[in-house]
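# Working through the structure, step by step
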Amino acid sequence: MASDRDEQKEYREKRDFRKTPEPKGRSRRSSGAPVFVVQRHDASTEHYDFRIETEGVLKSWAVPKGPSTDPREKRLAVPTEDHPLEYADFEGVIPEGCYGAGVVQVWDRGTYRNITGGNGETPSVEEAVEDGHLLIELDGEKLSGGYALHRTGTGEDANWLLVKMDDEAADARRNPVSTEQRSVKSGRTMSEIEREDGDSKS
Ligand code: MN
């Protein structure tokens, strides 16, 4: 198995840690259930970074419209580089001139369970991602229940979709990305984070 540090090479190469307040990453395995986090990121184009802990890193997708609680809504999810586990707690402002410059908010977080498979055999999260078909059950503050991540297309045209599974937590009337906009870490809005953390490096 490649070391956790090697897996985050792309993450480190994109960033100048003398300038950005983002974590360098030491990637220790956390104890207990694996975590997920959804970070609202107001970069050049606003999106929600959906990240799940596996094998000492955060596997990541950028979801332009954010997650839905409506099973009929298929949300595009573009894979991005693995992030260090510590990133799950990161909230603040990435300065101008840095990769991903803009406000980052911990929009939701919690733990998750891999529920891929069903007929006795549960592939690992890595296998499921490799296969392009992952089912997870979230236990967050805003999001809960099953979510599917499916890869569609091949090669250059490959993309992923994030879709709410039709279970008890599904709710077509909820629209948490527009009605539940505060941070689950600090209670702050995007503009409060920008105002308070804008000029500091931590
Ligand atoms: Mn992002």
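Keep in mind that this is a model prediction, so the values were computed, not measured.

Secondary structure assignment for the protein yields 5 helices and 9 strands. Listed N to C, the secondary structure of the protein is α-α-β-β-β-β-β-β-α-β-β-β-α-α in terms of helices and strands. Taking 2.2 N^0.38 as the reference for a compact globule, 202 residues should give roughly 17 Å; the C-alpha atoms of the protein span a radius of gyration of 16 Å, in line with that estimate. Counting only C-alpha atoms, the protein reaches 50 × 45 × 35 Å along its principal axes. Burial statistics for the protein: of 202 residues in total, 47% are counted as buried. Counted over contacts in the protein with a minimum sequence separation of 6, partners at least 24 positions apart contribute 58%. When the accessible surface of the protein is totalled, it reaches about 10,500 Å², and 45% of it is carbon and sulfur. Across the protein, the centroid of the 30 positively charged side chains sits 4 Å from that of the 41 negatively charged ones.

Glancing now at the layout of surface pockets. Estimated volume of the largest pocket: approximately 240 Å³. Around the largest pocket, the lining is made up of 17 residues, and of these His41, His47, Asp49, Tyr99 and Gly100 lie nearest the centre.

On to the coordination of the manganese ion. The manganese ion binds to the protein through His41 (ND1), His47 (NE2) and Asp49 (OD), with metal-donor distances spanning 2.1 to 2.3 Å. All donors of the manganese ion belong to a single chain; written as a sequence motif, their spacing is H-x5-H-x1-D. The residues His47 and Asp49 share a single accessibility class, namely buried.

Before going further, it helps to spend a moment on the environment of Thr111. Tracing the backbone shows Thr111 in strand S6 (residues 102–114). Put simply, Thr111 and His133 are 22 residues apart on the chain and 19 Å apart in space, counted from C-alpha to C-alpha. Dropping the residues within four chain positions of it, Thr111 is found in contact with Ala33, Pro34, Val35, Phe36, Glu137, Leu138 and Asp139.

The next thing to look at is helix H5 (residues 190–197). Those residues of H5 that fall on the buried side of the exposure criterion are Met190, Ile193 and Asp197. All buried residues of H5 fall inside an arc of 60° around its axis, so they share one side. Among the structural elements, strand S1 (35–42), strand S5 (92–94) and S6 are those in contact with the buried residues of H5.

Counting residues in each nonpolar core, the largest one holds 22 residues, and the members touching the most others are Phe50, Ile52, Trp61, Leu134, Ile136, Leu138 and Leu149. Of all elements in the fold, only S1, strand S2 (46–54), strand S3 (57–63), S6, helix H3 (125–131), strand S7 (133–140), strand S8 (144–152) and strand S9 (159–164) reach the threshold of two or more residues within this core. Leave out the neighbours within four places in its chain, and Trp61 touches Tyr48, Asp49, Phe50, Ile52, Ala77, Val78, Pro79, Thr80, Val129, Leu134, Leu149 and Trp160. By size, the runner-up hydrophobic cluster in this structure holds 12 residues, among which are Tyr11, Val37, Ile94 and Cys98.

Take the confidence of the model for the protein next. Atom-level detail of predicted coordinates should not be read off regions where pLDDT is low. Of the residues in the protein, 92% reach a pLDDT of 70 or more, and the chain-wide mean stands at 91. Averaged pLDDT values over the elements of the protein bottom out at 59 in helix H1 (residues 4–7) and peak at 98 in S1.

This brings us to the packing of aromatic side chains. What the rule picks out here adds up to 6 aromatic pairs. Cation over ring: Lys164 sits above Tyr147, and NZ or CZ is 5.0 Å from the ring centre.

With that out of the way, let us pick up the pairing of S6. Counting buried positions over the 13 residues of S6 gives 10, a clear majority of the element. In this sheet, S6 lies alongside S5 in antiparallel orientation, the contact comprising 3 bridges. Bridge assignment links Val93 to a residue of S6, and that residue is Val103. Relative to S7, S6 is paired through 5 bridges, and the arrangement is antiparallel. Bridged to Arg113 within S7 is Glu137.

Parameters and conventions
Residues numbered from 1 in each chain as written. Predicted model: local features only at pLDDT ≥ 70, side-chain atom pairs only at ≥ 80, totals over all residues. Heavy atoms only, no water. Helix = DSSP H or I, 4+ residues; strand = E, 2+ residues; numbered from the N terminus. Rg over C-alpha atoms; globule rule 2.2 N^0.38 Å. Buried < 20%, exposed > 50% of the residue type's maximum accessible area, 1.4 Å probe, protein only. Contact = heavy atoms within 4.5 Å. Areas by Shrake-Rupley, 256 points an atom, 1.4 Å probe, with all protein chains shown as cover. Lys, Arg positive; Asp, Glu negative; His and termini not counted. Charge placed at Lys NZ, Arg CZ, Asp CG, Glu CD. 1 Å grid on protein atoms, 1.4 Å probe; cavity = no way out; pocket = protein on both sides within 12 Å on 5 of 7 lines; lining within 4 Å. Points joined across faces, edges and corners; volume = space filled by probe spheres on them. Donors = N, O, S within 2.8 Å, 3.2 Å for Na, K, Ca; no water. Arc of directions from axis to C-beta. Core = buried A, V, L, I, M, F, W, Y, C linked by side-chain atoms within 4.5 Å. pLDDT = per-residue confidence, 0-100. Phe/Tyr/Trp six-rings, centres within 6.5 Å; stacked < 30°, edge-to-face > 60°. Lys NZ or Arg CZ within 6 Å of the ring centre and 35° of its normal. Pairing = 2+ DSSP bridges.

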